[in-house]
Amino acid sequence: MSSTTSTMCTAAYDNLLAVYRSTSILSVLAGIAGVLVLRGTLRAARRKLKNTSLRGPPGAHAIFGASKDLFEAPDTGEIFETWAEEYGVAYEVPTSFGGKKIMLCDPRALAHYYARETWTYILTDSTRAFLERGFGRGILWSHGEDHKRQRKSLSPAFSHAALRKLAHVFYNCAHKTKAGWDSLIDLSGGESAVIEIQDWMNHISLDTIGMAGFSHEFGSLDGKPATIQKVFSAFDTSAKKSFIDIAVVLFADVFPVFSYIPVSCVQSLTDMQATLSGVAKQLLDRMEKEKKDGVIDGKEDKSIIGVLIKATEAEGERHVTPDEVLSSMKELLLAGYITTSNSLTWTLVELARNPDIQTKLRDELLAFGSEPTYDQLQSSLTLPYLDAVVHESLRIHPPLTDFVRVVSRFAKNSYFFPLTIMSHSQATEDDVIPLSEPVITKSGQAVNSISVARGTKIGLPLACINRSTAIWGPDAKVFRPGRWLEKDGIPKKAQDVQGYRHLLTFADGPRNCLGKGFAVSEMKAVLSVLVKSFAFEMRDGPKTQIELCQGILPRPRVVGEEGAAMPLRVTRYEGF
């Protein structure tokens, strides 16, 4: 046989072997895919048999169900309330690839759910994959005993004893803002200036969480550039997400591997994670060096970073690992920055839109005179109208608008674009959820409870519940702080909501927000300084229309304008 013939035979053999191997690989992959599809089909069939057959809206999209419309909606609360009015306090919403989720809008059902959260109801696999990728295995990612352990390690940093020592940080940031606004008004040559308040509230929140949480001066109120702020701002753009961006996010909710496709929103998440990791590592390294050098004498043990470092040395149920410390730091940096700044902005917008309410609040603050102490800020009796304004703002404009959990089998073990649908959950075991009023099933039967099978997704439309006319009365969507002061201002059905002050703004149950006392105190301190010193008006007059801009959180902006800016006319108050 010639060498040419031999070479040809060898090449042919290699080609045949390659075909055989590729065929084998394809066969294996096809087999795996077939098993996964079969498993998913069987699980879906089981849920269909076990779950109560609830009514609900039709899917607007063949692939995405109602998920695409909800994702693109700036305010999902209105959509969920419309569906609740039509289908009842528990209904079924079609999701991507033929999936379903059950939405609960009933106080009794919510109480049942929260009593079993982190055990019967846990985060979905896709949400946990996102949280692990963005922040690591911190308190947001964890479940069950793991969550209980991490929460217990963090709790001392948010105790009244710890927060009492932080009031001066809130006031310091508020007075820096006052000085900055005075300078801007002076530069304008008059007694007022148009000020972009969202940006200033961002500065306040960043500097507050920096000093109060990590004993670090970001200096954003002093004009120092903060990389972390630039990265967060990348999410708050007016650019409309492409269909590819939206599809990748919705696919990732079912197949987490899609979250690694480098579309623009995923890249923004990657940039944010890298920045948060860098900042958290820098703060942790500095604290550990100071501790090693003997600079720290124990006075910072109650700060967040001090408590976390102390927990790495603890034994048993309060112990956390160094990786968990970094994860928690990243989560707290994000949460402390974006939520309170957004709530402060919304409160100032509502005061600008309601001058009578603004005047009444200012009169109370001026009559009180001195700056409230931490204990006075925590009380609803010392400055009752300030307390009412803050909680009405938190009711009308909760930073997070809905949560979804899954019922799954083993509890040991949102997407983030936007954060309003970050928290998806599922059931870990079959359950029966009681209702305070009957709902009509697809078959026309009235039921007072619903059965949910293991693996069923459960959603809680927080904004809908906070603003529901069925729960809060006919003026539920009106900013009216007086409801908190009137004898019968809080309807009986709202009183049945067991969250903080009958609100779900900070969620409830074992995953309720650890920082609610921090956030409320910060809001009250900042408002007590700014409202006494300035009067606020809508830049373009009282009829200015506001819309929601969707970034990490829904933010207010003037209709027709770009970005997430919120300009108000700020006038120096001098007793007029």
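Residues numbered from 1 in each chain as written. Predicted model: local features only at pLDDT ≥ 70, side-chain atom pairs only at ≥ 80, totals over all residues. Heavy atoms only, no water.

Let's talk about the overall build of the protein
In plain terms, the rule: A run of H or I in DSSP counts as a helix once it spans at least four residues, and a run of E counts as a strand once it spans at least two, with each numbered from the N terminus. The rule is simple: take the accessible area with a 1.4 Å probe, protein chains only, and divide by the maximum for that residue type; under 20% is buried, over 50% is exposed, in between is partly exposed. Using a 1.4 Å probe, accessible areas were evaluated by the Shrake-Rupley method; residue-level cover was limited to the displayed protein chains.
Along the protein, the regular secondary structure elements total 21 helices and 13 strands. Relative to its 576 residues, the protein shows a buried fraction of 54%. Surface summary for the protein: the accessible area is close to 24900 Å², and the carbon and sulfur share equals 57%.

Side note on the side chain of Asp207
In plain terms, the rule: For the charge count, each Lys or Arg is scored as positive and each Asp or Glu as negative, with His and the chain ends excluded. Whenever Lys or Arg places a side-chain nitrogen within 4 Å of a carboxyl oxygen from Asp or Glu, that contact is recorded as a salt bridge. Any pair of N or O atoms that falls within 3.5 Å is considered a polar contact. Within protein, one atom must be able to donate a hydrogen and the other to accept it, and sequence-neighbouring residues count only if both atoms are side-chain atoms. Only heavy atoms enter the contact rule, under which two residues are in contact if any of them lie within 4.5 Å.
Within the fold, Asp207 resides in helix α9 (residues 197-214). In this structure, Asp207 is buried with no salt-bridge partner, the nearest side chain bearing the opposite charge being Lys176 at 5.2 Å. Within the structure, the side chain of Asp207 is placed 3.3 Å from the backbone nitrogen of Gly219, a separation counted as a polar contact. Other than its neighbours up to four places away in sequence, Asp207 contacts Cys173, Glu217, Phe218, Gly219, Ser220 and Leu221.

Looking at the sheet that holds strand β4 (residues 192-196)
The pairing of strands in a sheet comes from backbone hydrogen bonds and takes either a parallel or an antiparallel form. As a reminder, the rule being used: DSSP calls a pair of strands paired once it identifies at least 2 bridges connecting them. Helix axes are fitted only over the stretch in contact, all axes being lines through C-alpha atoms; the angle between N-to-C directions runs from 0 to 180 degrees.
The antiparallel open sheet is built from 3 strands, whose spatial order is β4-β13-β10. A strand with exactly one partner marks an edge of an open sheet, and here the two such strands are β4 and β10 (534-538). If you compare each strand with its neighbour and ignore which way they point, the axes differ by 35 degrees on average. Across 5 bridges, the pairing between β10 and strand β13 (residues 567-572) is antiparallel. By the bridge assignment, Ala535 is partnered in β13 with Thr571. The sheet strands contacting helix α8 (residues 167-188) are β4, β10 and β13, and the helix crosses β4 at an angle near 125 degrees. Running at roughly 80 degrees to β10, helix α14 (residues 322-353) makes contact with β10 and β13 of the sheet.

Brief notes about the nonpolar core
As a reminder of what qualifies: Only buried residues count toward a nonpolar core, which is a set of Ala, Val, Leu, Ile, Met, Phe, Trp, Tyr and Cys residues joined through side-chain atoms within 4.5 Å.
Counting residues in each nonpolar core, the largest one holds 128 residues, and the members touching the most others are Leu104, Trp181, Ile450 and Phe536. Ranked by residue count, the leading element in this core is α14, at 14 residues. When neighbours within four sequence positions are excluded, Phe536 is seen to be in contact with Trp181, Leu348, Ala352, Gln358, Leu530, Val531, Leu568, Arg569 and Val570. Core analysis: the next-biggest nonpolar cluster, separate from the first, contains 11 residues, Leu70, Ala84, Tyr87 and Cys464 among them.

Focus: helix α21 (residues 516-533)
Defined as follows: To estimate the expected span of a helix, count its residues, drop one, and scale the result by 1.5 Å.
The end-to-end C-alpha distance of α21 is 26 Å, a good match for the 26 Å that 18 residues give at a rise of 1.5 Å each. Of all 18 residues that make up α21, 16 are buried, and the element is covered over most of its length.

A look at the pattern of salt bridges
With the rule as written, the count across this model stands at 25 salt bridges. Between Asp146 and Arg149 there is a salt bridge, and its shortest N-O distance comes to 2.3 Å. Of the two residues, Asp146 and Arg149 both sit in helix α6 (residues 144-154), 3 residues apart, roughly one turn of that helix. Using a relative accessible area of 22% as the deciding quantity, one classes Asp146 as partly exposed. Glu392 is the salt-bridge partner of Arg395, the closest N and O atoms lying 2.9 Å from each other. Of this pair, Arg395 and Glu392 both sit in helix α17 (residues 384-396), 3 residues apart, roughly one helical turn. Residues Arg395 and Glu392 agree in their burial class; the two are buried. Here the residues in one salt-bridge network are Glu392, Arg395, Asp475, Arg480, Arg483 and Glu486, joined through shared partners.

Section: the packing of aromatic side chains
In plain terms, the rule: When two rings of Phe, Tyr or Trp (its six-membered ring) have centres within 6.5 Å they constitute a pair, described as stacked for plane angles under 30 degrees, edge-to-face for angles over 60, and tilted for the intermediate range. Definition used: whenever NZ (Lys) or CZ (Arg) falls within 6 Å of the ring centre and also within 35 degrees of the ring normal, the charge is taken to sit over that ring.
For the structure shown, the criterion picks out 10 aromatic pairs. Residues Phe170 and Phe518 carry aromatic rings whose centres are separated by 5.2 Å and whose planes lie at 85 degrees to one another, so their mutual orientation is edge-to-face. According to the relative accessible area criterion, Phe170 is buried, its value standing at 1%. Taken together, Trp181, Trp200, Phe534 and Phe536 form an aromatic cluster joined through their ring pairs. Geometry around Trp141 places Arg128 over its ring, the cationic atom sitting 4.0 Å from the centre. Its end group placed over the ring of Trp472, Arg395 keeps NZ or CZ at 5.2 Å from the ring centre.

Thoughts on the environment of His319
With respect to the helices and strands, the residue His319 is situated in the loop between α13 (304-312) and α14. Sequence separation of His319 and Arg149 is 170 residues, and the distance between their C-alpha atoms is 7.3 Å. The residues touching His319, leaving out its near neighbours within four places in the chain, are Arg149, Ala311, Thr312 and Ala314. Within the structure, the side chain of His319 is placed 3.2 Å from the backbone oxygen of Thr312, a separation counted as a polar contact.

Topic: the packing of helix α15 (residues 355-368) against α21
Rules: Oblique is the label for any angle not under 35 degrees, not over 145, and not in the 65 to 115 range, which are roughly parallel, roughly antiparallel and roughly perpendicular in turn. In this classification, the charged set is Asp, Glu, Lys and Arg, the nonpolar set is Ala, Val, Leu, Ile, Met, Phe, Trp, Tyr, Cys and Pro, and all remaining amino acids, among them Gly, are polar.
Packing of α15 against α21 brings their axes to within 9 Å, and their N-to-C directions diverge by 105 degrees. It follows from the interaxial angle that α15 and α21 lie roughly perpendicular. Where α15 approaches α21, its residues Gln358, Leu361, Arg362, Leu365 and Leu366 are matched on the opposing element by Leu527, Ser528, Val531 and Lys532. Of the residues belonging to the contact of α15 with α21, the class tally is 5 nonpolar, 2 polar and 2 charged.

Topic: the pairing of strand β1 (residues 90-94)
When you tally the buried positions in β1, you get 5 out of 5 residues, the bulk of the element. Every second residue of β1 is oriented toward a common face, with Ala90, Glu92 and Pro94 on one face and Tyr91 and Val93 on the other, all of them buried. Strand direction decides the pairing type here: β1 and strand β2 (residues 100-104), joined by 5 bridges, are antiparallel. Looking at the pairing, Tyr91 lines up with Met103 of β2. Between β1 and β2, which pair antiparallel and follow one another directly, the connecting turn spans 5 residues, one of which, Phe97, has a positive phi of 55 degrees.

Quick look at the pairing of β2
Of all 5 residues in β2, 4 are buried, a share of seventy percent or more. Across 3 bridges, β2 lies against strand β9 (residues 457-460) in parallel orientation. Its bridge partner lying in β9, Lys101 is registered against Lys457.

A look at unusual backbone geometry
At Ser215, a residue that is not glycine, the phi angle is positive and equals roughly 50 degrees. Phi angles above zero are rare outside glycine, and Arg501 is one such case at about 55 degrees. We classify Arg501 as partly exposed; its relative accessible area is 27%.

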